[in-house]
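Spelled out, the chains give:
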Amino acid sequence: METKLFDQDHIAEAAAVLAKGGLVAFPTETVYGLGASALLPDAVAQVYQVKGRPSDNPLIVHVAAAEQVAAFVDNLSPMAKQLMDTFWPGPLTLIFKIKPDSLPSIVTGGLTTAAFRMPDHPQTLALISQAQQPLVGPSANTSGKPSPTSAAHVWHDLHGKIAGILDGGATRIGVESTVLDLSDPSGTPIILRPGAIAKEQLETVLETEVLLDKHLVSAGEVPKAPGMKYKHYAPNTKVMMVHDTDWPAAINWAQANHFKVGVLAGPTIAEAVRKETAAIYQYFDDSPEAAARGLFAGLRALDESTAALDLLLAATFTEAGIGAAYMNRLKKAANHEYFQENK
Ligand code: AMP
Ligand code: MG
């Protein structure tokens, strides 16, 4: 199959492909999504197939307006309405109990709940509107690899396997949406996946406590979001996390072992280690926002570096705000491994 690149002047064409059951990747403010009509089970089956995604990992339904959710959910709670008013369009996915059989079971993984999001990207909102149906949109990468933050990343993983890619440039946030479960019988909202909308922001708006899913708090717990149990975000090259104060020791250790090392870090750390490393992917500045924006692109770039690296060392951030989302993805990429002196 030839994969077409659509620009913003060809959204109607891309929408027509989707309406007929084709797959078109689209930009969002978080990462690129692999779009297919959420109402066409055969199209959704293709999404799982081309990504190599486990079939028990349900998909997020992307809408162009909050009102579109009413077709699938009875009686949105005041809390849900407040969150949609405040954060949509934006990087917040909400999980609701749905009307029986209102969505194909391949979308929900057979659950009685489903995930919804309105992405904050004008081209993609136009695409969903013009397709005249909600779209599933898991990250448009091969399952298990770093998520795509540019059309080139999508092309790398999926060209020849999907009908098209809508190119909206590099994504602004760089890590996937916060997933918030509003279906718990206790009535308490629970974060299943950290993203750019932080727990504290949700609590301020709702004026109530928001919990973190048990697996985000203690190791060994089974995550409630089926997708969070899978290996994720991993390049082929081994990744290790390095605490701020451990950089000199980490570089010494790598040199003593003759490892060719790639580094992902902000300018301050990057400058300090530049002479001793084979390749660097430097985040735009030293903020956790810049790190989140650059993480997946950096993992991909260093993984494919012509320097043929043995090891990637990545900077850590405090787990607050978007730093929590960055660390959640990085820990998975690094298989939870930190550099430790004397090991
Ligand atoms: P992705 O599409 O890869 O960004 O992942 C979407 C995330 O939302 C995955 O971790 C899914 O397991 C999770 N998810 C989707 N639908 C549900 C649901 N009904 N209940 C719990 N988690 C869900
Ligand atoms: Mg994904």
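Residues numbered from 1 in each chain as written. Chains lettered and ligands numbered in written order. Predicted model: local features only at pLDDT ≥ 70, side-chain atom pairs only at ≥ 80, totals over all residues. Heavy atoms only, no water.

The protein chain carries the name Threonylcarbamoyl-AMP synthase in an unreviewed UniProt entry, which gives Candidatus Enterococcus testudinis as its organism. Its UniProt record gives the protein chain a comment under Catalytic activity (unreviewed entry), which states: "L-threonine + hydrogencarbonate + ATP = L-threonylcarbamoyladenylate + diphosphate + H2O". Under the UniProt heading Sequence similarities (unreviewed entry), the entry covering the protein chain gives this text: "Belongs to the SUA5 family." (UniProt positions renumbered as here; feature names shortened; annotations may be inferred.)

A word on the overall build of the protein chain. Scanning the protein chain from terminus to terminus reveals 12 helices and 15 strands. Its C-alpha atoms give the protein chain a radius of gyration of 20 Å, near enough to 20 Å, the size a compact globule of 343 residues would have. If you line up the protein chain on its principal axes, its C-alpha atoms span 60 × 50 × 30 Å. Counting only carbon and sulfur atoms, one obtains 52% of the accessible surface of the protein chain, whose full area is about 14,700 Å². (Helix = DSSP H or I, 4+ residues; strand = E, 2+ residues; numbered from the N terminus. Rg over C-alpha atoms; globule rule 2.2 N^0.38 Å. Areas by Shrake-Rupley, 256 points an atom, 1.4 Å probe, with all protein chains shown as cover.)

With that settled, the discussion passes to the packing of helix H11 (residues 288–303) against helix H12 (residues 322–333). Taken N-terminus to C-terminus, the directions of H11 and H12 make an angle of 25°; their axes are 8 Å apart at the nearest point. One way to sum up the angle between H11 and H12 is to call them roughly parallel. Crossing hand, H11 versus H12: left-handed. Residues Pro288, Glu289, Ala291, Ala292, Leu295, Phe296 and Leu299 of H11 pack against Ile322, Gly323, Tyr326, Arg329, Leu330 and Ala333 of H12. Grouping the constituent residues of the contact of H11 with H12 by class yields 10 nonpolar, 1 polar and 2 charged. (Axes fitted to C-alpha atoms, helices over the stretch in contact; angles between N-to-C directions. Parallel < 35°, antiparallel > 145°, perpendicular 65-115°, else oblique. Left-handed = near helix turned anticlockwise from the far one by under 90°. Contact = heavy atoms within 4.5 Å. Nonpolar A, V, L, I, M, F, W, Y, C, P; charged D, E, K, R; others polar.)

Looking now at the site of ligand 1. In the vicinity of ligand 1, 16 residues are found, and the nearest of them are Arg53, Asn57, Thr113, Arg193 and Gly227. A distance of 2.8 Å is found between an oxygen atom of ligand 1 and a side-chain nitrogen or oxygen belonging to Asn57. Take Gly227: an N or O atom from its main chain is 2.7 Å from an oxygen atom of ligand 1. Within the complex, 95% of the 500 Å² of free accessible area of ligand 1 lies under protein. For the shell around ligand 1, the secondary structure elements donating two or more residues are strand E6 (113–117) and strand E10 (190–193). Tallying contributions element by element places E6 first for the shell around ligand 1, with 3 residues. When grouped by side-chain class, the residues that make up the shell around ligand 1 number 11 nonpolar, 3 polar and 2 charged. (Near = heavy atom within 4 Å. Polar contact = N/O pair within 3.5 Å; in protein donor to acceptor, adjacent residues only side chain to side chain.)

What follows is about the pairing of strand E14 (residues 279–282). Looking at chain direction, strand E13 (residues 261–265) and E14 are connected through 4 bridges and run parallel. For Leu264, the partnering residue across the bridge sits in E14 and is Tyr281. For the handedness criterion, the β-α-β arrangement of E13, helix H10 (residues 267–273) and E14 is classed as right-handed. (Pairing = 2+ DSSP bridges. Right-handed = clockwise from strand over helix to strand, strands pointing away.)

Strands belonging to one sheet form pairs held by backbone hydrogen bonds; the direction of such a pair is parallel or antiparallel. Strand order in the open sheet made by the 11 strands is E1-E8-E2-E3-E7-E4-E6-E5-E9-E10-E11, with mixed pairing throughout. Sheet topology places strand E1 (4–6) and strand E11 (211–212) at the edges, where each strand pairs with a single neighbour. As paired elements, strand E5 (residues 92–97) and E6 share 4 bridges and run antiparallel to each other. Following the sheet pairing, Phe96 is matched in E6 by Ala114.

Within this numbering scheme, the UniProt entry marks Arg53, Asn57, Thr113, Ser139, Ser147, Arg193 and Tyr233 as carrying the feature "binding site: ATP" (unreviewed entry). Judged by maximum C-alpha separation, these annotated positions cover 181 residues in sequence and are scattered in space, the widest gap reaching 25.5 Å. Within the secondary structure layout, Ser147 lies in the loop between strand E7 (135–136) and helix H6 (151–158). You can call Ser147 buried: its relative accessible area is 1%. Here Ser147 is in contact with Val31, Ser139, Asn141, Glu176, Tyr233, Phe296 and Arg300, once residues within four sequence places are set aside. On the secondary structure map, Tyr233 appears in the loop between helix H8 (214–217) and strand E12 (238–242). (Buried < 20%, exposed > 50% of the residue type's maximum accessible area, 1.4 Å probe, protein only.)

Below, the discussion takes up the packing of aromatic side chains. All told, the structure shown has 7 aromatic pairs when counted by the stated rule. Aromatic pair Tyr281 and Tyr283: ring centres 6.4 Å apart, planes at 70°, arrangement edge-to-face. Judged by its relative accessible area of 1%, Tyr283 falls in the buried class. A network of ring pairs unites the aromatic residues Tyr281, Tyr283, Phe317 and Tyr326 as a single cluster. (Phe/Tyr/Trp six-rings, centres within 6.5 Å; stacked < 30°, edge-to-face > 60°.)

Between Trp88 and the following residue, Pro89, the backbone shows a cis peptide bond with an omega angle of -5°. Considering the arrangement of structural elements, one finds Pro89 in the loop between helix H3 (78–87) and E5. Backbone geometry places Glu207, a non-glycine residue, at a positive phi of 50°. As for its placement among the helices and strands, Glu207 is situated in the loop between helix H7 (199–206) and E11. A relative accessible area of 73% places Glu207 in the exposed class. Of note in this structure, Ala308 is not a glycine but carries a positive phi near 45°. The residue Ala308 is located in the loop between H11 and strand E15 (311–315) in this model.

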